[in-house]
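This is what each chain is made of:
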Amino acid sequence: MVVQLRYNYRITPDSAQRTALAQAFGCARVVFNDGLRLRQQARAVGGKYVSDADLSKLVITRAKATEERAWLGEVSAVVLQQALADLNTAYRNFFASSTGKRKGRKVAPPRYRSRKDNRQAVRFTRNSRFKVLDNGCLRLPKIGDVPVRWSRTLPSEPSSVTVIRDAADRYFASFVVTTAEGEALPPVESELGIDLGLTHFAVLSDGTKVTAPKFLRRCARKLKRLQQELSRKQKGSANRKKAVVKVARAHARVADTRRDWQHKLSTNIIRENQAIYVEDLCVVGLGRTRLAKSVHDAGWASFAGMLEYKAIRYGRTFRRVDRFFPSTRMCSSCGRVNDKMALNVRAWDCPCGSAHDRDINAAKNILAAGRAESLNACGAQVRPAFVPAPRTEAGIRPDAARSTRSVEGISVLQERASTSEPATEVIAA
Ligand SMILES: [Zn+2]
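This write-up is about the structure you can find in this document.

### Describing the packing of helix H1 (residues 15-44) against helix H2 (residues 52-64)
(1) Moving on: The N-to-C vectors of H1 and H2 enclose an angle of 120°; their axes lie 10 Å apart at closest approach. Judged by the angle between their axes, H1 and H2 are oblique. Taken as a pair, H1 and H2 cross one another with a handedness that is right-handed. Each of Val-31, Asp-34, Gly-35, Leu-38 and Arg-39 in H1 lies in contact with H2, whose residues at this interface are Asp-52, Leu-55, Leu-58, Val-59 and Ile-60.
(2) Moving on: Considering only residue class, the contact of H1 with H2 consists of 6 nonpolar, 1 polar and 3 charged.

Below you can see the structure in the form of C-alpha coordinates.
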(Lines give C-alpha, C1' and ligand atoms only; values in the text may rest on other atoms or scores of the structure.)
Protein backbone atom coordinates (compact mmCIF):
# COMPACT_ATOMS: atom_id res chain seq x y z
CA MET A 1 0.00 0.00 0.00
CA VAL A 2 1.35 3.36 -1.03
CA VAL A 3 0.15 6.52 0.68
CA GLN A 4 0.84 10.11 -0.23
CA LEU A 5 1.30 12.45 2.69
CA ARG A 6 2.00 16.11 3.17
CA TYR A 7 4.93 17.44 5.13
CA ASN A 8 4.79 21.13 6.00
CA TYR A 9 7.66 23.39 7.01
CA ARG A 10 8.09 27.06 7.68
CA ILE A 11 10.27 28.76 5.11
CA THR A 12 11.93 32.15 5.41
CA PRO A 13 12.32 33.83 2.03
CA ASP A 14 14.31 37.08 1.97
CA SER A 15 12.72 40.25 0.64
CA ALA A 16 13.76 39.67 -3.00
CA GLN A 17 12.36 36.14 -2.81
CA ARG A 18 9.16 37.42 -1.24
CA THR A 19 8.78 39.81 -4.17
CA ALA A 20 9.37 36.99 -6.65
CA LEU A 21 6.85 34.82 -4.80
CA ALA A 22 4.29 37.63 -4.82
CA GLN A 23 4.74 37.81 -8.58
CA ALA A 24 4.26 34.04 -8.90
CA PHE A 25 1.13 34.16 -6.71
CA GLY A 26 -0.17 36.99 -8.91
CA CYS A 27 0.53 35.25 -12.22
CA ALA A 28 -1.02 31.99 -11.03
CA ARG A 29 -4.08 33.94 -9.92
CA VAL A 30 -4.39 35.75 -13.27
CA VAL A 31 -4.14 32.50 -15.25
CA PHE A 32 -6.70 30.86 -12.99
CA ASN A 33 -9.10 33.78 -13.32
CA ASP A 34 -8.59 34.13 -17.10
CA GLY A 35 -9.39 30.44 -17.49
CA LEU A 36 -12.47 30.71 -15.31
CA ARG A 37 -13.68 33.79 -17.23
CA LEU A 38 -13.23 32.06 -20.61
CA ARG A 39 -15.26 29.07 -19.52
CA GLN A 40 -17.97 31.23 -18.00
CA GLN A 41 -18.17 33.32 -21.19
CA ALA A 42 -18.38 30.22 -23.36
CA ARG A 43 -21.19 28.93 -21.18
CA ALA A 44 -23.04 32.27 -21.26
CA VAL A 45 -23.28 32.18 -25.06
CA GLY A 46 -24.22 28.49 -25.08
CA GLY A 47 -20.81 27.36 -26.30
CA LYS A 48 -19.02 24.12 -25.50
CA TYR A 49 -16.98 23.56 -22.33
CA VAL A 50 -13.44 24.68 -23.17
CA SER A 51 -11.19 21.63 -22.91
CA ASP A 52 -8.20 21.55 -20.57
CA ALA A 53 -5.75 21.53 -23.49
CA ASP A 54 -7.45 24.42 -25.31
CA LEU A 55 -7.64 26.45 -22.16
CA SER A 56 -3.92 26.00 -21.52
CA LYS A 57 -3.14 27.19 -25.06
CA LEU A 58 -5.41 30.22 -24.76
CA VAL A 59 -4.58 31.55 -21.32
CA ILE A 60 -0.90 30.54 -21.10
CA THR A 61 0.82 29.97 -24.45
CA ARG A 62 -1.03 32.57 -26.52
CA ALA A 63 -1.52 35.00 -23.66
CA LYS A 64 2.27 35.20 -23.14
CA ALA A 65 2.60 36.44 -26.73
CA THR A 66 0.28 39.37 -26.09
CA GLU A 67 1.37 42.69 -24.71
CA GLU A 68 -0.93 42.77 -21.69
CA ARG A 69 0.07 39.25 -20.52
CA ALA A 70 3.74 39.18 -21.59
CA TRP A 71 4.82 39.24 -17.93
CA LEU A 72 3.48 35.69 -17.48
CA GLY A 73 6.79 34.61 -18.99
CA GLU A 74 8.65 35.90 -15.95
CA VAL A 75 7.50 33.08 -13.66
CA SER A 76 7.94 29.31 -13.87
CA ALA A 77 5.60 27.84 -16.49
CA VAL A 78 4.82 24.95 -14.14
CA VAL A 79 3.28 27.37 -11.65
CA LEU A 80 0.87 28.56 -14.36
CA GLN A 81 0.01 25.03 -15.51
CA GLN A 82 -0.66 24.00 -11.93
CA ALA A 83 -3.01 26.95 -11.44
CA LEU A 84 -5.01 25.71 -14.42
CA ALA A 85 -4.87 22.17 -13.04
CA ASP A 86 -6.49 23.55 -9.87
CA LEU A 87 -9.22 25.15 -11.96
CA ASN A 88 -9.83 21.91 -13.87
CA THR A 89 -10.08 19.95 -10.64
CA ALA A 90 -12.47 22.52 -9.18
CA TYR A 91 -14.69 22.11 -12.25
CA ARG A 92 -14.55 18.33 -12.11
CA ASN A 93 -15.49 18.32 -8.42
CA PHE A 94 -18.34 20.72 -9.12
CA PHE A 95 -19.69 18.59 -11.99
CA ALA A 96 -19.34 15.37 -10.02
CA SER A 97 -21.14 16.96 -7.09
CA SER A 98 -24.02 18.38 -9.12
CA THR A 99 -24.60 15.07 -10.90
CA GLY A 100 -24.50 13.20 -7.60
CA LYS A 101 -21.33 11.24 -8.42
CA ARG A 102 -19.53 12.91 -5.59
CA LYS A 103 -20.98 12.33 -2.14
CA GLY A 104 -21.14 14.70 0.77
CA ARG A 105 -21.33 18.45 0.91
CA LYS A 106 -22.35 20.17 -2.32
CA VAL A 107 -19.36 21.63 -4.11
CA ALA A 108 -19.80 25.21 -5.31
CA PRO A 109 -18.66 26.20 -8.81
CA PRO A 110 -15.14 27.62 -8.97
CA ARG A 111 -14.89 31.25 -7.91
CA TYR A 112 -12.42 33.94 -8.79
CA ARG A 113 -9.25 34.21 -6.78
CA SER A 114 -8.41 37.55 -5.26
CA ARG A 115 -5.23 39.28 -4.19
CA LYS A 116 -7.06 39.77 -0.92
CA ASP A 117 -7.48 36.04 -0.28
CA ASN A 118 -5.90 35.13 3.02
CA ARG A 119 -4.09 32.22 1.53
CA GLN A 120 -1.87 32.62 -1.52
CA ALA A 121 -0.27 29.54 -3.00
CA VAL A 122 1.68 28.21 -5.96
CA ARG A 123 2.63 24.63 -6.69
CA PHE A 124 5.83 23.30 -8.22
CA THR A 125 5.89 19.75 -9.55
CA ARG A 126 8.90 17.59 -10.17
CA ASN A 127 9.28 18.68 -13.80
CA SER A 128 9.72 22.26 -12.63
CA ARG A 129 13.02 21.04 -11.19
CA PHE A 130 12.57 22.30 -7.67
CA LYS A 131 15.25 20.84 -5.45
CA VAL A 132 16.11 20.34 -1.82
CA LEU A 133 19.77 21.34 -1.59
CA ASP A 134 22.45 19.82 0.62
CA ASN A 135 22.68 23.10 2.53
CA GLY A 136 19.03 22.74 3.58
CA CYS A 137 17.63 25.36 1.22
CA LEU A 138 14.76 24.75 -1.13
CA ARG A 139 15.64 25.77 -4.70
CA LEU A 140 12.59 27.11 -6.51
CA PRO A 141 12.77 28.02 -10.21
CA LYS A 142 12.78 31.80 -10.76
CA ILE A 143 12.52 32.38 -6.99
CA GLY A 144 15.87 31.30 -5.60
CA ASP A 145 17.23 29.23 -2.71
CA VAL A 146 14.86 29.64 0.21
CA PRO A 147 15.90 28.58 3.73
CA VAL A 148 13.68 25.91 5.31
CA ARG A 149 13.13 25.17 9.00
CA TRP A 150 13.38 21.40 8.94
CA SER A 151 11.30 20.43 11.98
CA ARG A 152 11.50 16.78 10.89
CA THR A 153 13.13 14.97 8.00
CA LEU A 154 11.41 14.22 4.72
CA PRO A 155 11.08 10.43 4.47
CA SER A 156 11.73 10.40 0.72
CA GLU A 157 11.96 12.46 -2.44
CA PRO A 158 8.91 14.77 -2.67
CA SER A 159 6.81 14.74 -5.85
CA SER A 160 5.61 18.31 -5.51
CA VAL A 161 5.89 21.33 -3.28
CA THR A 162 3.27 24.00 -2.65
CA VAL A 163 4.50 27.35 -1.39
CA ILE A 164 1.94 29.13 0.73
CA ARG A 165 1.64 32.53 2.31
CA ASP A 166 -1.00 32.63 5.02
CA ALA A 167 -3.03 35.43 6.55
CA ALA A 168 -0.48 35.82 9.33
CA ASP A 169 2.12 36.59 6.65
CA ARG A 170 4.01 33.37 7.22
CA TYR A 171 5.48 31.26 4.42
CA PHE A 172 5.31 27.48 4.22
CA ALA A 173 6.53 24.74 1.95
CA SER A 174 4.15 21.81 1.80
CA PHE A 175 5.76 18.72 0.27
CA VAL A 176 3.85 15.75 -1.07
CA VAL A 177 5.74 12.58 -0.29
CA THR A 178 4.98 9.01 -1.24
CA THR A 179 5.74 6.97 1.85
CA ALA A 180 7.80 3.86 1.67
CA GLU A 181 5.95 0.58 1.86
CA GLY A 182 6.46 -1.86 4.66
CA GLU A 183 5.47 0.53 7.41
CA ALA A 184 2.84 -1.81 8.81
CA LEU A 185 3.09 -2.11 12.59
CA PRO A 186 3.24 -5.54 14.23
CA PRO A 187 -0.31 -6.85 14.76
CA VAL A 188 -1.95 -6.48 18.17
CA GLU A 189 -5.05 -8.09 19.67
CA SER A 190 -7.14 -5.19 20.90
CA GLU A 191 -9.85 -3.38 18.97
CA LEU A 192 -11.48 -0.10 19.87
CA GLY A 193 -14.80 1.66 19.45
CA ILE A 194 -14.78 5.46 19.72
CA ASP A 195 -17.75 7.67 20.46
CA LEU A 196 -17.85 11.40 20.10
CA GLY A 197 -18.85 12.42 23.58
CA LEU A 198 -20.89 15.52 24.25
CA THR A 199 -18.89 16.43 27.31
CA HIS A 200 -15.62 14.83 26.20
CA PHE A 201 -13.63 15.00 23.02
CA ALA A 202 -13.87 11.24 22.64
CA VAL A 203 -14.97 8.26 24.70
CA LEU A 204 -13.28 4.92 24.11
CA SER A 205 -14.87 1.49 24.48
CA ASP A 206 -12.16 0.55 27.00
CA GLY A 207 -13.64 3.15 29.35
CA THR A 208 -11.20 6.00 28.70
CA LYS A 209 -12.67 9.48 28.40
CA VAL A 210 -10.52 11.94 26.50
CA THR A 211 -10.80 15.66 27.23
CA ALA A 212 -9.21 18.42 25.20
CA PRO A 213 -6.21 19.63 27.19
CA LYS A 214 -6.25 22.85 29.21
CA PHE A 215 -3.60 24.66 27.14
CA LEU A 216 -5.78 24.22 24.09
CA ARG A 217 -8.82 25.71 25.82
CA ARG A 218 -6.66 28.55 27.06
CA CYS A 219 -5.46 29.48 23.60
CA ALA A 220 -8.99 29.22 22.31
CA ARG A 221 -10.15 31.71 24.96
CA LYS A 222 -7.49 34.15 23.87
CA LEU A 223 -8.60 33.79 20.28
CA LYS A 224 -12.18 34.53 21.26
CA ARG A 225 -11.09 37.74 22.97
CA LEU A 226 -9.11 38.87 19.92
CA GLN A 227 -12.09 38.15 17.70
CA GLN A 228 -14.28 40.33 19.87
CA GLU A 229 -11.74 43.14 19.69
CA LEU A 230 -11.66 42.78 15.91
CA SER A 231 -15.43 43.05 15.64
CA ARG A 232 -15.29 46.42 17.39
CA LYS A 233 -12.75 47.92 14.97
CA GLN A 234 -13.99 50.19 12.23
CA LYS A 235 -14.12 48.70 8.74
CA GLY A 236 -11.25 49.76 6.50
CA SER A 237 -9.22 51.24 9.35
CA ALA A 238 -5.54 50.54 9.90
CA ASN A 239 -6.33 49.21 13.37
CA ARG A 240 -8.71 46.70 11.87
CA LYS A 241 -6.00 45.44 9.54
CA LYS A 242 -3.69 44.93 12.50
CA ALA A 243 -6.44 43.14 14.42
CA VAL A 244 -7.09 40.84 11.45
CA VAL A 245 -3.46 39.71 11.46
CA LYS A 246 -3.58 39.18 15.23
CA VAL A 247 -6.68 37.02 14.92
CA ALA A 248 -5.09 35.07 12.07
CA ARG A 249 -1.98 34.42 14.18
CA ALA A 250 -4.02 33.30 17.19
CA HIS A 251 -6.11 31.14 14.92
CA ALA A 252 -3.05 29.51 13.44
CA ARG A 253 -1.78 28.83 16.96
CA VAL A 254 -5.03 27.15 18.03
CA ALA A 255 -5.13 25.09 14.85
CA ASP A 256 -1.46 24.05 15.21
CA THR A 257 -1.85 23.16 18.87
CA ARG A 258 -5.02 21.19 18.30
CA ARG A 259 -3.51 19.35 15.38
CA ASP A 260 -0.38 18.38 17.30
CA TRP A 261 -2.49 17.06 20.12
CA GLN A 262 -4.76 15.11 17.76
CA HIS A 263 -1.71 13.66 16.01
CA LYS A 264 -0.35 12.30 19.29
CA LEU A 265 -3.70 10.88 20.32
CA SER A 266 -4.43 9.26 16.96
CA THR A 267 -0.93 7.77 16.71
CA ASN A 268 -1.29 6.21 20.16
CA ILE A 269 -4.68 4.76 19.33
CA ILE A 270 -3.43 3.32 16.04
CA ARG A 271 -0.35 1.83 17.69
CA GLU A 272 -2.29 0.12 20.46
CA ASN A 273 -5.22 -1.23 18.48
CA GLN A 274 -5.58 -3.48 15.46
CA ALA A 275 -9.02 -2.16 14.47
CA ILE A 276 -10.65 1.17 15.19
CA TYR A 277 -14.33 1.89 14.71
CA VAL A 278 -15.92 5.31 14.96
CA GLU A 279 -19.47 6.47 14.60
CA ASP A 280 -20.05 8.01 11.19
CA LEU A 281 -21.53 11.28 12.29
CA CYS A 282 -21.67 12.97 8.93
CA VAL A 283 -20.46 16.22 10.39
CA VAL A 284 -21.93 18.29 7.57
CA GLY A 285 -25.44 17.18 8.48
CA LEU A 286 -24.88 17.66 12.18
CA GLY A 287 -23.65 21.19 11.56
CA ARG A 288 -27.24 22.27 11.40
CA THR A 289 -28.36 20.71 14.65
CA ARG A 290 -27.75 21.48 18.28
CA LEU A 291 -24.81 19.11 18.24
CA ALA A 292 -23.02 21.45 15.86
CA LYS A 293 -21.04 23.31 18.48
CA SER A 294 -19.39 20.37 20.10
CA VAL A 295 -18.76 18.64 16.80
CA HIS A 296 -17.06 21.58 15.17
CA ASP A 297 -15.21 22.65 18.26
CA ALA A 298 -13.65 19.35 18.87
CA GLY A 299 -12.37 19.03 15.32
CA TRP A 300 -13.79 15.55 15.21
CA ALA A 301 -13.69 15.31 11.42
CA SER A 302 -9.99 16.04 11.19
CA PHE A 303 -9.31 13.57 13.99
CA ALA A 304 -11.27 10.81 12.26
CA GLY A 305 -9.37 11.65 9.06
CA MET A 306 -6.05 11.20 10.88
CA LEU A 307 -7.13 7.83 12.24
CA GLU A 308 -8.17 6.79 8.77
CA TYR A 309 -4.96 7.60 6.93
CA LYS A 310 -2.76 6.33 9.75
CA ALA A 311 -4.73 3.07 9.76
CA ILE A 312 -3.99 2.61 6.06
CA ARG A 313 -0.38 3.59 6.46
CA TYR A 314 0.29 1.30 9.41
CA GLY A 315 -1.79 -1.67 8.33
CA ARG A 316 -4.68 -1.26 10.75
CA THR A 317 -8.41 -1.48 10.11
CA PHE A 318 -10.50 1.67 10.27
CA ARG A 319 -14.23 1.73 9.78
CA ARG A 320 -17.03 4.22 10.19
CA VAL A 321 -20.16 2.70 11.63
CA ASP A 322 -23.58 3.65 10.27
CA ARG A 323 -24.80 6.74 12.05
CA PHE A 324 -28.45 5.65 12.13
CA PHE A 325 -27.61 2.87 14.48
CA PRO A 326 -28.95 3.64 18.01
CA SER A 327 -25.58 3.49 19.74
CA THR A 328 -26.64 5.51 22.77
CA ARG A 329 -29.80 3.78 23.91
CA MET A 330 -28.94 0.20 23.04
CA CYS A 331 -27.69 -1.86 25.98
CA SER A 332 -24.21 -3.16 25.17
CA SER A 333 -24.76 -6.20 27.44
CA CYS A 334 -28.14 -7.54 26.31
CA GLY A 335 -28.80 -5.68 23.04
CA ARG A 336 -32.14 -4.28 24.16
CA VAL A 337 -33.00 -0.92 22.57
CA ASN A 338 -34.30 1.36 25.30
CA ASP A 339 -36.34 4.57 25.10
CA LYS A 340 -34.84 7.79 23.85
CA MET A 341 -32.82 9.64 26.44
CA ALA A 342 -32.51 13.35 27.06
CA LEU A 343 -29.07 14.81 26.38
CA ASN A 344 -28.50 15.45 30.09
CA VAL A 345 -28.85 11.78 31.06
CA ARG A 346 -25.27 10.70 31.68
CA ALA A 347 -25.86 7.24 33.16
CA TRP A 348 -28.69 4.74 32.97
CA ASP A 349 -29.71 1.25 34.02
CA CYS A 350 -31.05 -1.36 31.63
CA PRO A 351 -33.89 -3.68 32.80
CA CYS A 352 -31.38 -6.54 32.33
CA GLY A 353 -29.53 -5.22 35.35
CA SER A 354 -26.53 -3.56 33.66
CA ALA A 355 -25.57 -0.09 34.73
CA HIS A 356 -24.22 2.06 31.92
CA ASP A 357 -22.28 5.24 31.48
CA ARG A 358 -24.01 6.76 28.47
CA ASP A 359 -20.89 7.45 26.38
CA ILE A 360 -18.91 4.33 27.27
CA ASN A 361 -21.94 2.20 26.44
CA ALA A 362 -22.16 3.94 23.06
CA ALA A 363 -18.48 3.32 22.38
CA LYS A 364 -18.91 -0.39 23.21
CA ASN A 365 -21.83 -0.59 20.79
CA ILE A 366 -19.77 1.06 18.07
CA LEU A 367 -17.04 -1.52 18.64
CA ALA A 368 -19.56 -4.38 18.36
CA ALA A 369 -21.21 -2.94 15.24
CA GLY A 370 -17.84 -2.30 13.61
CA ARG A 371 -16.76 -5.88 14.27
CA ALA A 372 -20.00 -7.23 12.81
CA GLU A 373 -19.65 -5.09 9.69
CA SER A 374 -16.04 -6.17 9.27
CA LEU A 375 -17.06 -9.82 9.38
CA ASN A 376 -19.73 -9.21 6.75
CA ALA A 377 -17.26 -7.48 4.52
CA CYS A 378 -14.80 -10.36 4.82
CA GLY A 379 -13.82 -11.99 1.59
CA ALA A 380 -14.15 -8.76 -0.31
CA GLN A 381 -11.60 -6.68 1.46
CA VAL A 382 -12.95 -3.18 1.28
CA ARG A 383 -10.51 -0.38 1.44
CA PRO A 384 -11.27 3.23 0.68
CA ALA A 385 -9.74 4.53 -2.51
CA PHE A 386 -9.49 8.05 -1.21
CA VAL A 387 -8.80 9.14 2.29
CA PRO A 388 -10.10 12.54 3.29
CA ALA A 389 -7.44 15.13 3.69
CA PRO A 390 -6.02 15.61 7.11
CA ARG A 391 -6.31 19.37 7.22
CA THR A 392 -2.67 20.01 7.66
CA GLU A 393 -1.65 22.26 4.86
CA ALA A 394 0.27 25.12 6.41
CA GLY A 395 -1.63 24.55 9.59
CA ILE A 396 -4.18 27.22 8.91
CA ARG A 397 -7.58 27.35 7.38
CA PRO A 398 -8.04 29.58 4.34
CA ASP A 399 -10.36 32.06 5.97
CA ALA A 400 -9.04 31.99 9.48
CA ALA A 401 -9.13 35.71 9.98
CA ARG A 402 -12.69 36.06 8.82
CA SER A 403 -14.12 33.63 11.28
CA THR A 404 -15.71 35.58 14.07
CA ARG A 405 -18.31 33.27 15.53
CA SER A 406 -17.14 31.35 18.53
CA VAL A 407 -18.58 29.04 21.08
CA GLU A 408 -17.32 28.09 24.50
CA GLY A 409 -13.99 29.66 23.81
CA ILE A 410 -13.19 27.68 20.71
CA SER A 411 -13.85 29.28 17.40
CA VAL A 412 -16.33 27.77 15.02
CA LEU A 413 -14.74 27.90 11.63
CA GLN A 414 -16.73 29.11 8.72
CA GLU A 415 -16.77 26.14 6.42
CA ARG A 416 -16.29 26.85 2.78
CA ALA A 417 -15.85 24.39 -0.02
CA SER A 418 -12.22 24.60 -0.99
CA THR A 419 -12.80 23.83 -4.62
CA SER A 420 -9.41 24.94 -5.74
CA GLU A 421 -7.24 22.67 -3.67
CA PRO A 422 -7.02 19.33 -5.38
CA ALA A 423 -3.77 18.30 -3.82
CA THR A 424 -4.85 18.33 -0.21
CA GLU A 425 -6.03 14.76 -0.31
CA VAL A 426 -4.13 11.85 1.02
CA ILE A 427 -4.37 9.27 -1.66
CA ALA A 428 -4.14 5.57 -0.99
CA ALA A 429 -3.40 3.45 -4.00
ZN1 LIG B 1 -29.48 -4.71 28.98
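Now that the structure has been shown, we can carry on.
### Side note on the pairing of strand S2 (residues 120-125)
(1) Moving on: Within S2, 5 of the 6 residues are buried, leaving the element largely enclosed by the surrounding structure.
(2) Moving on: Pairing of S2 with strand S6 (residues 158-165) involves 6 bridges; the strand directions are antiparallel. Opposite Val-122, over in S6, you have Val-163 as the bridge partner.

### Digging into the sheet that holds strand S10 (residues 209-210)
(1) Moving on: With mixed pairing, 5 strands are arranged side by side in an open sheet as S10-S9-S8-S11-S12. For this open sheet the edge positions go to S10 and strand S12 (317-321), each flanked by a neighbour on one side alone.
(2) Moving on: Note: strand S8 (residues 191-195) against strand S9 (residues 202-204), 2 bridges, orientation antiparallel. By the bridge assignment, Asp-195 is partnered in S9 with Val-203.
(3) Moving on: Sheet strands in contact with helix H8 (residues 300-313) are S8, S9, strand S11 (275-279) and S12, and its direction is about 145° off that of S12.

### Topic: the environment of Cys-352
(1) Moving on: Relative to the helices and strands, Cys-352 is located in the loop between strand S13 (347-349) and strand S14 (355-357).
(2) Moving on: Of the residues examined, Cys-352 reaches a relative accessible area of 42% and is grouped as partly exposed.
(3) Moving on: For the pair formed by Cys-352 and Arg-336, sequence separation is 16 residues and the distance between their alpha carbons is 8.5 Å.
(4) Moving on: Not counting residues up to four positions away in its chain, the partners in contact with Cys-352 are Cys-331 and Cys-334.

### A few points about the coordination of the zinc ion
(1) Moving on: All of the protein donors around the zinc ion are Cys-331 (SG), Cys-334 (SG), Cys-350 (SG) and Cys-352 (SG); their distances to the metal are 2.2 to 2.3 Å.
(2) Moving on: The coordination sphere of the zinc ion comprises 4 donor atoms, whose angles at the metal cover 105 to 114°; the geometry is tetrahedral.
(3) Moving on: Spacing between the donor residues of the zinc ion along their common chain follows C-x2-C-x15-C-x1-C.
(4) Moving on: Exposure remark for Cys-331: the relative accessible area of 1% places this residue in the buried category.
(5) Moving on: We classify Cys-334 as partly exposed; its relative accessible area is 41%.

### Looking at the nonpolar core
(1) Moving on: Residues Val-122, Phe-124, Leu-138, Leu-140, Ile-143, Val-161 and Phe-175 are the most contacted members of the largest nonpolar core, which totals 44 residues.
(2) Moving on: For this core, the element with the most residues is H1, which contributes 10 residues.
(3) Moving on: Discounting residues that sit within four places of it in the chain, Leu-140 has contacts with Phe-124, Phe-130, Val-146, Val-161 and Val-163.
(4) Moving on: Core analysis: the next-biggest nonpolar cluster, separate from the first, contains 28 residues, Leu-196, Leu-226, Ala-250 and Trp-261 among them.

Criteria and thresholds
- Residues numbered from 1 in each chain as written.
- Predicted model: local features only at pLDDT ≥ 70, side-chain atom pairs only at ≥ 80, totals over all residues.
- Heavy atoms only, no water.
- Axes fitted to C-alpha atoms, helices over the stretch in contact; angles between N-to-C directions.
- Helix = DSSP H or I, 4+ residues; strand = E, 2+ residues; numbered from the N terminus.
- Parallel < 35°, antiparallel > 145°, perpendicular 65-115°, else oblique.
- Left-handed = near helix turned anticlockwise from the far one by under 90°.
- Contact = heavy atoms within 4.5 Å.
- Nonpolar A, V, L, I, M, F, W, Y, C, P; charged D, E, K, R; others polar.
- Buried < 20%, exposed > 50% of the residue type's maximum accessible area, 1.4 Å probe, protein only.
- Pairing = 2+ DSSP bridges.
- Donors = N, O, S within 2.8 Å, 3.2 Å for Na, K, Ca; no water.
- Tetrahedral: all angles 85-135°; square planar, octahedral: opposite > 155°, others 65-115°.
- Core = buried A, V, L, I, M, F, W, Y, C linked by side-chain atoms within 4.5 Å.

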